[in-house]
Amino acid sequence: NILKKILIILFFSTFFFCCKKESAKEFTIYKSIDSLIVEANKTTDYTTKLSIADKALNELESNDLDSVTRIRYMNLSRIYLSINNLKYVKICEKLISNPSYPINHNEVSFSNYMLGNYYYNTADYEKSFIYFSKAEKSFRILEDEYYLAYILNSKADILSFKNDYT
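In this text, all values refer to a predicted model and were calculated from it rather than measured experimentally.

Regarding its fold elements, the chain presents eight helices and zero strands. Ordered by position in the sequence, the α and β elements of the chain form the string α-α-α-α-α-α-α-α. Classification of the 166 residues of the chain by burial places 34% in the buried group. Counting only contacts in the chain whose residues sit at least 6 apart along the sequence, the fraction spanning at least 24 positions is 52%. As displayed, the chain has an accessible area near 11000 Å², and 59% of this comes from carbon and sulfur atoms.

So, on to the pattern of salt bridges. The final tally for this structure, using the stated rule, is six salt bridges. The closest approach of N and O atoms between K87 and D54, which form a salt bridge, is 2.7 Å. In this pair, K87 is assigned in helix α5 (residues 87-97) and D54 in helix α3 (residues 46-60), connecting sequence segments 33 residues apart. Given a relative accessible area of 31%, K87 falls into the partly exposed group. Note that K162 is salt-bridged to E126, the shortest N-O span being 2.3 Å. Taken together, the residues K162 in the segment after α8 (145-161) and E126 in helix α7 (residues 125-142) connect sequence positions 36 residues apart. Where salt bridges share partners, they join E136, R140 and K155 into one cluster.

The next thing to look at is unusual backbone geometry. The residue N84 is not glycine, and still its phi comes out positive at about 55°. For A123, which is not a glycine, the phi torsion comes out positive at approximately 65°.

Here we take up the environment of A149. Along the chain, A149 falls in helix α8. Judged by its relative accessible area of 47%, A149 falls in the partly exposed class. Between the C-alpha atom of A149 and that of E136, which follows or precedes it by 13 residues, the distance is 9.2 Å.

Cut-offs and rules
- Residues numbered from 1 in each chain as written.
- Predicted model: local features only at pLDDT ≥ 70, side-chain atom pairs only at ≥ 80, totals over all residues.
- Heavy atoms only, no water.
- Helix = DSSP H or I, 4+ residues; strand = E, 2+ residues; numbered from the N terminus.
- Buried < 20%, exposed > 50% of the residue type's maximum accessible area, 1.4 Å probe, protein only.
- Contact = heavy atoms within 4.5 Å.
- Areas by Shrake-Rupley, 256 points an atom, 1.4 Å probe, with all protein chains shown as cover.
- Salt bridge = Lys/Arg side-chain N within 4 Å of Asp/Glu carboxyl O.

What follows is the structure in structure tokens.
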């Protein structure tokens, strides 16, 4: 029992003394961004949600586009989408134009899906069809039947608008 306590203390002290100040500072920034995203998700007031999301976005833009930052961008894009703010379009375009390696199909599929929806709703069916086609490929890899059905339905609508029944 005493040996366990000593090992635990050694483990945590090694972790504590090996951390650099930069890592701690970066962790604090990420913790702050995460808390802003959670707070924005909780609030129902449009102005408050937008203000909080904008603060998180400003902090995120100073970070490198690593995998953790990309997840935070996706979470922010969903917040902006929930309040019909077009910043979600810019975030999705940023994520698609700077792909991660290896490719994160979840991120790519949702970005393309959201862009396809945006262009569909603005009646730019050419762009919408392109983004939906890209999203379809990723959702097939993810085997996500819900979004795949929605995308296929939207693509069928677009083709019917053009009287293209092939």
